[in-house]
Amino acid sequence: MTTLTPFSGVTGEHIARAARTFGTPLYLYDQALIEAKCAAFLSMPHAFGLTVRYAMKANPNRSLLRLIHAQGIGIDASSLNEALRAELAGIPAGEIMLTSQEVPASTSQAELEGLLLRGMRYNICSLRQLERVGPLAKKYGLDLSIRVHPGEGTGESASRNTGDKYCCFGVHLKDLPRALELTQSWGLRFTQVHTHIGSGGDPEVWRRNVPRQLELVEKFFPDAQSVSFGGGMREARMPDETAEDLESLGTYAKACIEDFQRRTGRSLRMEVEPGTALVANAGFLVLTVLDKKDTEDLHFLIADGGMDVNSRPALYGSRHPFYMVQPDGAVLSSEYGTLPDHRAILVGTCCESGDAQCLDETGHVLARPMGDAQVGDYAVVGGAGAYCAGMSLFNYNSHLQAPEVLLTPAGDLRLIRRRQTLAQVTENEV
Ligand SMILES: *Cc1c(COP(=O)(O)O)cnc(C)c1O
């Protein structure tokens, strides 16, 4: 059977079988591709050791966390709940780092204290966090990590630049002296220095951050033993996009760290925190075409999922590849094959004109080449493994959260999250 893409083993037959077995909309993940991506990160060149953490906000499904952790990868958690969720998935707290905008509250003090005692690393992102966490760290003799605001960032959209002057992630340079003063007064150490400059932006900006961060380590952090350069490695979802070359990125960072070692005599371990690059291309969102409508000059395909299952086009204007598959598994068109002249617009069933899987920069729908699918065919959206199932507007218009299915290397389809029920949507209403 023909695969949909050159990089994954997912075929039209897998799509049709998953849809028949579990109904649509559904997310289908390619386990073999996730494993291959993990292996690529773990074999990045490095100077004095490498830790890879999966930014679990990209896709927090328990089965995926276990799968990725089993490859030798730790966890980057963005909230206390994410850290607790990773623990529930069986990941030891010692392999989790918490990097969050949250400020520890008295209500969750016990949970945080428990995680810290079990070995979770806390990445200080603000002075207020330091004021709350510092005394705990002092009480238990724990080392801290610090996220610094690098002053320059990059992202697939402005909303995902987390390093420039328009954002407030990490401890700002002007606050570093106060942070150091506080830690010194408590006898605490920052043993790691962290940045995350944004998601899917310009690889050159990512590179520029490396020596700048090492300069900060040299200037302010005599106790640092490791540096985390964050995630944000660009993935190519569309055929005309280029993915970050991990080999060359690793070679570059390794040279910088070696240079730092020659200058200072200090050997730093490197950490990276990919989310997107580990899982994005392993995910396929499988929809059924429910209806077709033509206006004066546009052909619309109405499918049983839209912004409720993939909000990225509406949020960021993101582009995703499309594949049209017939009920028998035959592939009518693939973004990676020869596309027909026929152009259409794939929309969902939410009551918004922005509920389309392809929008231009102004928020208008954009016709894209794809096979002339019929009602009952499957419309498949690729690049849907990251920030889709975990970040969609899923209950908008009272649509149900869609199920997630894992395609194993042996070709089995395993349900890893059931479809939500209407009773679950309304259960907390009083
Ligand atoms: C979101 C996030 C990441 C992952 O970003 P990707 O672009 O998905 O690789 C890494 N580190 C931190 C701190 C994050 O918030």
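In this convention, every chain numbers its residues from 1, walking through the sequence in written order. Where totals are concerned, whole chains, interfaces and linings use all residues; where local detail is concerned, this predicted model gives features only for residues with pLDDT of at least 70, and gives and counts side-chain atom pairs only at 80 or more. The side-chain values count all of the structure's non-hydrogen atoms but skip hydrogen atoms and water molecules.

Digging into the overall build of the protein
Using the following cut-off: In DSSP terms, a helix is any run of H or I states spanning at least four residues, a strand is any run of E spanning at least two, and both are numbered starting from the N terminus. Burial here depends on accessible area, computed with a 1.4 Å probe over protein chains only, as a share of the maximum for the residue type. Under 20% is buried, over 50% is exposed, and the range in between is partly exposed. By definition, residues are in contact when any of their heavy atoms lie within 4.5 Å. Accessible areas in this description were obtained via Shrake-Rupley with a 1.4 Å probe; residue shielding takes into account the shown protein chains only. Neither His nor the chain termini are counted; the positive set is Lys and Arg, and the negative set is Asp and Glu. The location of each charge is read from NZ of Lys, CZ of Arg, CG of Asp or CD of Glu.
Within the protein, the regular secondary structure consists of 12 helices and 18 strands. Seen through its C-alpha atoms, the protein measures out along the principal axes to roughly 70 × 50 × 45 Å. Counting the 430 residues in the protein, one finds 56% classified as buried. Sequence-distant contacts, at least 24 apart, represent 71% of the contacts inside the protein between residues at least 6 apart. By element, 50% of the accessible surface of the protein is carried by carbon and sulfur atoms, the whole surface being about 17700 Å². Across the protein, 41 positive and 51 negative side-chain charges occur, with their mean positions spaced 7 Å apart.

Some points on the sheet that holds strand β3 (residues 74-77)
Let me state the cut-off plainly: A pair of strands counts as paired when DSSP detects no fewer than two bridges linking them. In this analysis, axes come from line fits to C-alpha atoms, helices being fitted only over the stretch in contact, and the angle between any two N-to-C directions falls in the range 0 to 180 degrees.
Around the barrel, 8 strands lie side by side as β2-β3-β4-β5-β6-β7-β8-β9; this closed barrel has parallel pairing. Neighbouring strand axes in the sheet, compared pairwise and without regard to direction, differ in orientation by 25 degrees on average. Of the strand pairs in this sheet, strand β6 (residues 144-147) and strand β7 (residues 190-194) are connected by 4 bridges, and their pairing is parallel. Across the sheet, Leu-144 pairs through a bridge with Phe-190, a residue of β7. Across the sheet, helix α6 (residues 127-140) lies against β5 (121-124), β6 and β7, angled at about 150 degrees from β5, the strand it touches most.

Structural notes on unusual backbone geometry
A negative phi angle is the norm for most residues apart from glycine, just as the trans form is the norm for most peptide bonds. Cis geometry is found at the peptide bond from Thr-24 to Pro-25, where omega equals -5 degrees. One can find Pro-25 in the loop between α1 (12-22) and β1 (26-30). Positive phi, close to 55 degrees, is recorded for Tyr-387, a residue that is not glycine. Locating Tyr-387 in the fold gives a position in the loop between β16 (378-381) and β17 (404-407). Here the phi dihedral of Ser-398 falls at roughly 55 degrees; this positive angle occurs in a residue that is not glycine. Mapped onto the fold, Ser-398 is located in the loop between β16 and β17.

Notes on the site of the ligand
For the record, the criterion: Whether a residue is near a molecule or strand depends on its heavy atoms: it is near if one of them lies within 4 Å of it. Polar contact is defined as a pair of N or O atoms within 3.5 Å, subject to the rule that within protein one atom must be able to donate a hydrogen and the other to accept it, and that residues adjacent in sequence are counted only when both atoms are side-chain atoms. Residues were grouped as follows: Ala, Val, Leu, Ile, Met, Phe, Trp, Tyr, Cys and Pro as nonpolar; Asp, Glu, Lys and Arg as charged; and all remaining residues, including Gly, as polar.
Near the ligand there are 14 residues, and of these Lys-57, Ser-199, Glu-273, Thr-276 and Tyr-387 occur at the shortest range. Contacts to the ligand include Gly-232, whose backbone N or O atom sits 2.8 Å from an oxygen atom. Separating an oxygen atom of the ligand from a side-chain N or O atom of Tyr-387 is a distance of 2.6 Å. Calculation on the ligand without its partners gives an accessible area of 390 Å², and the protein chains cover 95% of this total. Partitioning the shell around the ligand into residue classes produces 3 nonpolar, 7 polar and 4 charged.

A short note on helix α2 (residues 31-42)
Keep this limit in mind: Expected span, for any helix, means 1.5 Å times one less than how many residues it has. Summarising the geometry, the arc corresponds to the directions from the helix axis toward the C-beta atoms.
Its 12 residues place the ends of α2 17 Å apart at the C-alpha level, agreeing with the 16 Å of an ideal helix rising 1.5 Å per residue. Listed as buried for α2 are Gln-31, Leu-33, Ile-34, Cys-38 and Phe-41. Around the axis of α2, the buried residues are gathered within 165 degrees of arc, so they sit on the same side.

Focus on the pattern of salt bridges
Let me state the cut-off plainly: Any carboxyl oxygen of Asp or Glu that lies within 4 Å of a side-chain nitrogen of Lys or Arg is treated as forming a salt bridge with it.
One pass over the structure, following the stated rule, counts 22 salt bridges. The partner of Asp-259 in a salt bridge is Arg-263, and the shortest N-O contact between them spans 3.1 Å. Within this pair, Asp-259 and its partner Arg-263 are both found in helix α9 (residues 246-264), separated by 4 residues, close to a single helical turn. Among the salt bridges present, the one from Glu-404 reaches Arg-417, with a minimum N-O distance of 3.3 Å. In this pair, Glu-404 is assigned in strand β17 and Arg-417 in strand β18 (residues 413-417), connecting sequence segments 13 residues apart. Neither Glu-404 nor Arg-417 differs from the other in exposure class; each is buried. Among the charged side chains, a salt-bridge network with shared partners connects Glu-156, Arg-160, Arg-237 and Arg-312.

A look at the nonpolar core
How we decide: Residues belong to one nonpolar core when they are buried, are Ala, Val, Leu, Ile, Met, Phe, Trp, Tyr or Cys, and are joined through side-chain atoms within 4.5 Å.
Among the nonpolar cores identified, the biggest contains 105 residues, and Tyr-54 and Met-120 are the most heavily contacted of them. Leave out the neighbours within four places in its chain, and Tyr-54 touches Asn-59, Leu-65, Ile-68, Ile-73, Gly-74, Ile-75, Asp-76, Pro-274, Gly-275, Leu-278 and Val-279. Within the second largest apolar cluster, 17 residues are counted, among which are Leu-4, Leu-26, Tyr-323 and Leu-413.

Thoughts on the state of the cysteines
Here is the rule we go by: In this description, a disulfide is simply a cysteine sulfur pair whose atoms lie within 2.5 Å.
Counted by the stated rule, this structure contains 0 disulfides. We note that Cys-168 lacks a disulfide partner, and the nearest cysteine sulfur, in Cys-167, lies 6.7 Å from it. Overall, the relative accessible area of 55% leaves Cys-168 in the exposed class. Here Cys-358 stays free of any disulfide, with the sulfur of Cys-388 as its closest cysteine sulfur at 14 Å.

Focus: the side chain of Glu-273
Note on placement: Glu-273 falls in the loop between β9 (269-272) and α10 (276-279). Within the buried set, Glu-273 has no salt-bridge partner at all; the shortest N-O distance to an opposite charge, 5.2 Å, is to Arg-53. Once residues lying within four places of it in the same chain are set aside, the contact partners of Glu-273 are Arg-53, Ala-55, Asp-76, Met-97, Thr-99, His-194, Ser-228, Gly-230 and Gly-231.

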